[in-house]
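Listed below, chain by chain, are the residues.
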Amino acid sequence: MTAAALFQSILASLPEIVVVTGACILLILGQFVRKEQEHFLVWASVAVVLIAALGTLMLAGEVRPAYSGMFVADRFAVFFKVVFYLATVLTFLLSRRYAEIEGIGSSEYYVLLLLALLGMMIMASATDLLSIYVGLELMVLCTYVLTGFLRLQRRSNEAALKYVILGGVSTGIFLYGVSLIYGLTGTTQLDRMAAAVTGDPLDPGLLLAVVFIVAGLVFKVGAVPFHMWVPDVYEGAPTTITAFMSVGPKAAGFAVILRVFLNPLVAASDVWIIVAVIAVVTMALGSFVALVQDNFKRLLAYSSIAHAGFAMFGVAAGGADGVASVMLYLLIYAFMNLGIFGIVIMMRNGDFSGEVIEHYAGFAKSHRGLALLMLLYLFSLAGIPPTAGFFAKFYVLVALVERGFVMLAVIAVLLSAVAAYFYIRIVMVIYMREPEGTFDPALTPAVGATLAFTAAGTIGIGLFPAWFLRLAQHAAVGG
Amino acid sequence: MTIPLLSLIVFTPAVGAAALMFIRNDNVVRWMALGVTVLDFALCIAMLGGLDTSTHEMQFTETRPWVPALGITYALGIDGISAPFVFLTALLGWICVLASWVAIDRKVKEFMVSLLAMQALMLGVFCALDLFLFYVFWEAMLIPMYLIIGVWGGDGRVYAAFKFFLYTLAGSLMFLVGVIVLYFHGGETFDIRTLMAQDLPFQIQSWLFFAFLIAFAVKVPMVPVHTWLPDAHVQAPTAGSIILAAVLLKMGAYGFLRFSLPMLPEATVHYSTLMQVLSAVAIVYGGLLALAQDDLKKLVAYSSISHMGLVTLGIFTLNLRGLEGGILQMFNHGVTTGALFLSVGLIYERTHTRSISDYGGLMKAAPVYTAFLALFALSSMALPGTNSFVGELLVLSGAFAANLAVGAAAVLGALLGAAYLLGMYRKVALGPASIGVRFKIRDVNAREIAAILPLAVFVVWIGLYPKPFLEIIDASVKHLLAQVHGKGGAQ
């Protein structure tokens, strides 16, 4: 590698370098920060992400392949990185007070989040199965630890252990698929793989390899049949981490899925049928099981499974619109889901766990504004216009119908009618019940800003989707 | 630059709703809501004044790009078919505010905000010239209506609200898929006027016809997807019932008129007999159910099903008299049934019972009120001289021309209407005073008369001189018929 190529590679991965440097510095600094100065860590972490974001946006102009084809900084990656930055910064803002209440405020918490962000960024930019693997492992290792951060709670420990074991198995499956691919094609680079295959793309060995890789990735986005960890982990993890995982790592998983599926090798096989089946089953399971949940976090876990299913429909549709629809969906989902999680996190205060849906009874009576925000997020999650959630679903449906998958579109909308039920049930609880106690939400300025920002996104993208749509469409075609 | 009148009409209530959120005093909220709705009504009058009734073209059109990448525009416009409903919605806006003046005593601000939001969305539905925009308005209505029923409704409000929400949502989502299919087959546009000009293959038309039918049939509602209506009506507060009966039910029929007929003419002609039979079933079935009700609101709700059956029957006769009668009957039903729900609401506020058997001899206690009730009951059963007579006569003559058996069923429905409405009036107003009204019931006051009188005026006006109303819709209906038969071939 020449010096010029090295420089280009470093330039292309500048945001990643910023994040990893920042994380290391904070890790060291964290040891010297006194207990009462911990807010400094939050702002420093936010600053690191913002600098990385600035770098990403400055480099967004052109495609920059780097590290001999292992890595690329293109618009596709930029779009996803913006979603990750969004998720991470908002998680930082939500974490401050929550960490105090739960007693988990330590520098490692923020450093691990930064490293998870780094893993996600690598995943979005990776163009080689091995660099994908590196990013993936970095991300999940951090989330394993973060899941178990409530050290004194059995639930949190149990969740972390489950997550590690199941995650390890899925990673193993993924790696096995990668090794098969290497054996068949002699390369792990996504671009070269297609060129290396000369024979029938439906070669059983190849199909098996693709299925293994898909299985490993499906685990990360929490789709059926590898969804079992989601409810337990989401319930057990600190709520801020749940919020983060439901948005960031899920989007990262989709980024890789899209990268792999954009590949002509995969596109040539009939793997979309598998994806379509996964989408239908995932959405059905998420929607139906969520109907009977009493725990808010568990309900949101199943809701996130259902949403992963809906986004999968976009993957099944494929094509430029299909990819763009998934990307837009994930962006919008980040806003609305972080919003509703922000509320749940805020409600955790004193004796109030904020986890039982029934405890929100009559919330609208004493907190009109917050209840209205909840209403907004919930209707957006249900996909009712004029919220952004509707446009996200609408565009996926457009992509499906464009490809002639009208039956899939019908199934998708019928299942989202089922899903609407449990969202509006929460609306019912907060608006149509009499309050049984008083509420004392931990509404700090940082949490307030998060809620305002997510609400603005939820309603703003809903009313003026044109700009965001164009962004997703440009990013989808790469370049 | 011209004034975007329709945008003003649609967004005045929305802006009003937003402004209301910052006001604390309940009385100020009420007066402001009234002010906003009256202003909106005034704008509507101005719109009607400027309406050219000699053309079927869309008027007051506004078009702005919204999501250019998908061909979505923000396009508003009205023709002779939508204008009456814009007017009706605006009229009922301030009537609903008046009807909720004292009936809503808790969370007044939230209620008025929901009411105004509802009004903005309903007006948007009737004005939209872009299918996507239409769908956004159409579906967004679920949010405020869900709250109106669920928060301010009766004892079974939560169940009713859920049922309303899920029925309508499931129906509309099928419509959404249909819309997207239409988008790709109609040249990647959501513009309603362009889509009307498309000539789709019959097979596609058939599929779309049924996808649309699910959504519109739920809203109308047609048997057998009507079961949400009695629940929603009975549990909703008075203003909610008025909105449901007078405007929301019209949207289903409006959907047929605006989309099914002009965009899917061949399918419409092909399935018109099916639709006529479904309508006839609704007419008779709704009437029979109404006959058996003891709850005043349920009675009016089932009569709505019967009367809306008459509307869809008129529409799917696909002849001039039937269609004009159907549209006029839509307007009439809005006025009459809105008034009936208002009447029931007024008496319920006094006695807190809706059971017919609790009433009796109301005429002595509240003569003015009973006079209004009599007028609206007579209008509802289409007595000559009232508005419904004109509409029903047109529909029946259209129906007999189209299909003798269906026409006969419709006449049976009219007879049933006379039976249950007269029976209701006899039990409530005549005879000896019963337990429920033994205590002194005060007659209607000035505010209540202000709410109910305009509706009475329309009952009599259209009954005696329907010409101006028919003139408004005439050109558009003729054009619609040309669209159906021009491409449909038959007849």
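About the thresholds
Residues numbered from 1 in each chain as written. Chains lettered and ligands numbered in written order. Predicted model: local features only at pLDDT ≥ 70, side-chain atom pairs only at ≥ 80, totals over all residues. Helix = DSSP H or I, 4+ residues; strand = E, 2+ residues; numbered from the N terminus. Rg over C-alpha atoms; globule rule 2.2 N^0.38 Å. Buried ≥ 20, exposed ≤ 12 C-beta atoms within 10 Å, placed from the backbone. Contact = placed C-beta atoms within 7 Å. Axes fitted to C-alpha atoms, helices over the stretch in contact; angles between N-to-C directions. Parallel < 35°, antiparallel > 145°, perpendicular 65-115°, else oblique. Left-handed = near helix turned anticlockwise from the far one by under 90°. Nonpolar A, V, L, I, M, F, W, Y, C, P; charged D, E, K, R; others polar. UniProt positions renumbered as here; feature names shortened; annotations may be inferred. Pairing = 2+ DSSP bridges. pLDDT = per-residue confidence, 0-100.

Undergrad: Can you help me understand the overall build of chain B in this one?
TA: On a plain count of helices and strands, chain B comes out with 21 helices and two strands. What you see for chain B is a C-alpha radius of gyration of 21 Å, in line with the 23 Å of a compact globule of 491 residues. Oriented by its inertia axes, the alpha-carbon framework of chain B measures out at about 65 × 55 × 40 Å. When burial is assessed residue by residue, chain B has 63% of its 491 residues classed as buried. Relative to all contacts within chain B whose residues are 6 or more apart in sequence, the contacts with residues 24 or more apart total 81%.

Undergrad: Would you mind going over the overall build of chain A with me for this structure?
TA: Across its full length, chain A carries 21 helices and two strands. Expressed as lengths along the three principal axes of its C-alpha atoms, the size of chain A is roughly 70 × 55 × 40 Å. In chain A, the share of contacts with a sequence separation of at least 24, taken over all contacts with a separation of at least 6, comes to 80%.

Undergrad: Would you mind showing me how to read unusual backbone geometry here?
TA: The phi angle of most residues is negative, glycine excepted, and most peptide bonds adopt the trans form. Between A:Val224 and the following residue, A:Pro225, the backbone shows a cis peptide bond with an omega angle of 5°. Its place among the elements puts A:Pro225 in the loop between helix H9 (204-221) and helix H10 (229-236). Across the junction of B:Val220 and B:Pro221, the peptide omega takes the value -15°, indicating a cis bond. Following the sequence through the fold, B:Pro221 ends up in the loop between helix H9 (202-219) and helix H10 (228-235). Even without being a glycine, B:Lys107 presents a positive backbone phi close to 50°. Mapped onto the elements, B:Lys107 comes out in the loop between helix H3 (83-99) and helix H4 (108-127). Positive phi is not limited to glycine here, since B:Glu188 has a value of about 50°. Looking at the element boundaries, B:Glu188 is found in the loop between helix H7 (157-185) and helix H8 (192-196). Judged by local crowding, B:Glu188 falls into the exposed class, with 12 C-beta atoms found within 10 Å.

Undergrad: Mind showing me how you'd approach the packing of H4(B) against helix H11 (residues 238-263) of chain B here?
TA: Residue and element names in this part refer to chain B. Closest axis-to-axis distance for the H4/H11 pair is 11 Å, and the angle between their directions is 15°. With respect to H11, the element H4 is oriented roughly parallel. Handedness of the H4/H11 crossing: left-handed. Where H4 abuts H11, its residues Leu-115, Met-118, Met-122, Val-125 and Phe-126 lie against Ala-239, Ile-243, Val-247, Met-251 and Tyr-254. Of the residues assigned to the contact of H4 with H11, the class counts are ten nonpolar, no polar and no charged.

Undergrad: Would you take a moment to explain the environment of B:Val29 for this structure?
TA: Residues and elements named next belong to chain B. Take Val-29: it is sitting in helix H2 (residues 26-49). Of the residues examined, Val-29 has 19 C-beta atoms within 10 Å and is grouped as partly exposed. In this structure Val-29 touches Leu-20, Ile-23, Val-108, Lys-109 and Met-112, once residues within four positions along its chain are discounted.

Undergrad: I keep staring at the UniProt feature "domain: NADH:quinone oxidoreductase/Mrp antiporter transmembrane" (unreviewed entry) in chain B and nothing clicks. Help me out?
TA: With numbering matched to this structure, UniProt assigns "domain: NADH:quinone oxidoreductase/Mrp antiporter transmembrane" (unreviewed entry) to residues 128-416 of chain B. Across residues 128-416 of chain B, the secondary structure splits into 81% helix and 0% strand, with the terminal C-alpha atoms separated by 37 Å.

Undergrad: Even after reading the chapter, I still don't get the environment of A:Ser95, so can you show me in this structure?
TA: Among the structural elements, A:Ser95 can be located in helix H4 (residues 75-102). Sequence separation between A:Ser95 and A:Ala60 is 35 residues, and the spatial gap between their C-alpha atoms is 30 Å.

Undergrad: I tried to follow the pairing of strand E2 (residues 72-78) of chain B on my own but got confused; where do I start?
TA: Residues in a regular strand project their side chains so that they alternate between the two faces of the sheet. Residues and elements named next belong to chain B. Counting buried residues in E2 gives five out of seven residues, a clear majority hidden from the surface. Here strand E1 (residues 59-67) pairs with E2 via six bridges, running antiparallel. Following the sheet pairing, Thr-63 is matched in E2 by Ala-75. Hairpin connection from E1 to E2: four residues lie between these consecutive antiparallel strands, with Gly-71 at a positive phi of about 70°.

Undergrad: Help me understand the interface of chain B and chain A in this model?
TA: The figure often quoted for interface size is the accessible area lost as the parts come together. On the side of chain A, 26 residues touch chain B, which itself brings 26 residues to the contact. Listed by contribution, the elements that provide at least two residues to the side of chain B that touches chain A are E1, helix H5 (131-140), helix H6 (142-152) and H7 of chain B. For the side of chain B that touches chain A, the element with the most residues is H7(B), which contributes twelve residues. Split into classes, the residues belonging to the side of chain B that touches chain A amount to 24 nonpolar, one polar and one charged.

Undergrad: Would you take a moment to explain the environment of A:Val20 for this structure?
TA: All names here are of chain A. Tracing the chain through its elements places Val-20 in helix H2 (residues 14-29). You can call Val-20 buried: it has 20 C-beta atoms within 10 Å. Sequence spacing of Val-20 and Val-111 is 91 residues, and the spatial spacing of their C-alpha atoms is 9.3 Å.

Undergrad: Hey, could you run me through the confidence of the model for chain B in this one?
TA: Detailed reading of the predicted coordinates is not advisable wherever pLDDT falls low. Per-residue pLDDT for chain B has a mean of 87; in total, 97% of the residues score no lower than 70. Predicted complex metrics record ipTM = 0.91 and pTM = 0.93.

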